[in-house]
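Reading the structure
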Amino acid sequence: GQQVMQIPQYQHVQEGEDFTTYCNSSTTLSNIQWYKQRPGGHPVFLIQLVKSGEVKKQKRLTFQFGEAKKNSSLHITATQTTDVGTYFCAGPSGGYQKVTFGTGTKLQVIP
Amino acid sequence: SAVISQKPSRDICQRGTSLTIQCQVDSQVTMMFWYRQQPGQSLTLIATANQGSEATYESGFVIDKFPISRPNLTFSTLTVSNMSPEDSSIYLCSAQGAGETQYFGPGTRLLVL
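Just so it is clear, the model here is predicted, and its values are computed rather than measured.

The next thing to look at is the interface of chain B and chain A. Where interface size is given, it is often the accessible area lost as the parts come together that is meant. Facing 23 residues of chain B, the contacting portion of chain A comprises 20 residues. Linking chain B to chain A there are one salt bridge. Between Lys98 of chain A and Glu58 of chain B there is a salt bridge, and its shortest N-O distance comes to 2.8 Å. Of all the secondary structure elements, the ones that give two or more residues to the side of chain B that touches chain A are strand S4 (32–37), strand S5 (43–49), strand S9 (89–96) and strand S10 (102–104) of chain B.

The next point concerns the environment of Phe65 of chain A. Residue and element names in this part refer to chain A. By the element assignment, Phe65 lies in strand S7 (residues 61–65). Its relative accessible area of 0% is what places Phe65 among the buried residues. Linking Phe65 and Glu54, residues eleven residues apart in sequence, is a C-alpha distance of 5.2 Å.

Okay, the side chain of Arg109 of chain B next. Relative to the elements of secondary structure, Arg109 of chain B occurs in strand S11 (residues 108–112). The buried charged residue Arg109 of chain B lacks any salt bridge, with Asp11 of chain B as its nearest oppositely charged partner at 13 Å. At 2.7 Å, the side chain of Arg109 of chain B and the backbone oxygen of Gly40 of chain A are in polar contact. Discounting chain neighbours no more than four positions away, the residues touching Arg109 of chain B are Gly40 and Gly41 of chain A together with Ser9, Arg10, Asp11, Ser89 and Ile90 of chain B.

What follows concerns the sheet that holds strand S3 (residues 19–25) of chain B. Residue and element names in this part refer to chain B. The antiparallel open sheet is built from four strands, whose spatial order is S1-S3-S8-S7. Lying at the two open borders of the sheet, with one neighbouring strand each, are strand S1 (4–7) and strand S7 (68–72). Between one strand axis and the next, the sheet turns by 15 degrees as a mean value, whatever way the strands run. Direction of pairing for S7 relative to strand S8 (residues 75–80): antiparallel, over a ladder of three bridges. When the bridges of S8 are listed, Asn72 appears paired with Phe75.

For the rest of this paragraph, the subject is the nonpolar core. By size, the foremost hydrophobic cluster in this structure holds 26 residues, and its most contacted members are Trp34, Ile46, Phe66, Ile68, Leu78, Tyr91 and Leu110 of chain B. At the level of elements, S3, S4, S5, S8, S9 and S11 of chain B are the ones that each hand at least two residues to this core. Examining the composition of this core, we find that four residues originate from one element, S3 of chain B, more than from any other. Judged by nonpolar contacts, the second largest core, of 20 residues, contains Val4, Cys23, Ile47 and Phe63 of chain A.

Turning next to the sheet that holds strand S8 (residues 71–76) of chain A. Residues and elements named next belong to chain A. What the five strands build is an open sheet, ordered S1-S3-S8-S7-S6; its pairing is antiparallel. Of all the strands in the sheet, the pair left with one neighbour each is strand S1 (4–7) and strand S6 (55–58). Direction aside, neighbouring strands of the sheet carry axes that sit 15 degrees apart on average. Bridge count between strand S3 (residues 19–25) and S8: six bridges; the pairing is antiparallel.

It is worth spelling out the packing of aromatic side chains at this point. In the structure shown here, the tally under the stated rule is eleven aromatic pairs over all chains. Ring geometry for Tyr35 of chain A against Phe104 of chain B: centres 6.1 Å apart, planes inclined by 85 degrees, an arrangement best described as edge-to-face. Highlighted residues: Tyr35 of chain A in strand S4 (residues 32–37) and Phe104 of chain B in strand S10, drawn from two different chains. Residue classification places Phe104 of chain B among the buried positions, given a relative accessible area of 6%.

Right, let's talk about the pattern of salt bridges for a bit. All names here are of chain A. Counted under the stated rule, the structure contains four salt bridges over all chains. For Asp83, the salt bridge identified is with Arg60, shortest N-O distance 2.9 Å. Residue Asp83 is located in the loop between S8 and strand S9 (85–92), and its partner Arg60 is located in the loop between S6 and S7; the two are separated by 23 residues in the primary sequence. Judged by relative accessible area, Arg60 falls into the partly exposed class, the value being 22%.

Analysis parameters
- Residues numbered from 1 in each chain as written.
- Chains lettered and ligands numbered in written order.
- Predicted model: local features only at pLDDT ≥ 70, side-chain atom pairs only at ≥ 80, totals over all residues.
- Heavy atoms only, no water.
- Contact = heavy atoms within 4.5 Å.
- Salt bridge = Lys/Arg side-chain N within 4 Å of Asp/Glu carboxyl O.
- Helix = DSSP H or I, 4+ residues; strand = E, 2+ residues; numbered from the N terminus.
- Buried < 20%, exposed > 50% of the residue type's maximum accessible area, 1.4 Å probe, protein only.
- Lys, Arg positive; Asp, Glu negative; His and termini not counted.
- Polar contact = N/O pair within 3.5 Å; in protein donor to acceptor, adjacent residues only side chain to side chain.
- Pairing = 2+ DSSP bridges.
- Axes fitted to C-alpha atoms, helices over the stretch in contact; angles between N-to-C directions.
- Core = buried A, V, L, I, M, F, W, Y, C linked by side-chain atoms within 4.5 Å.
- Phe/Tyr/Trp six-rings, centres within 6.5 Å; stacked < 30°, edge-to-face > 60°.

Just geometry here; none of it tells us what the structure is for.
Here it is, written out as structure tokens:
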């Protein structure tokens, strides 16, 4: 079945440093979604990318969808303590319009 | 986006008992899903809750253990039956938004003793 892997699994950064998480799918995706889950919270939808090579920005967050539509990245510039949480990518996984979530990257920001 | 509520928010249950989790969406949605998330892990899809028909279960999950109801387009329930400590987890419902995006409820934290 489809697998969606993310690296790294964990990342500790000093506040103000940049952070990047990478997402790789075993199959080509029609779109890629990103979610953020704060400690003790539930996943919250951040953004969806649809086009090959697409780049979208949300303030300090930059999302990219690979040319082959099998990988994606999320880059955070100048991290803040509010960025703490686990970031998941997710992609469609066949029938019934369901998605497969990636393994997640847990970000810890040291003040 | 949809606003989703779940109850209970948490529960402690004895093994062998059953717990029903309710999920309410503030608008009509076609697709609703139930997930399980172990601490520090990713989300695992249990089933898709179909309105007016039986739920569609993922590999490893069966209706006898996780019966699901979807009586209308704004509500669904998941029952965790005959619980064991291995069922201790966070259970999340979600509603599908545009383009297969998902909006999640706050989750139900279940501890089985």
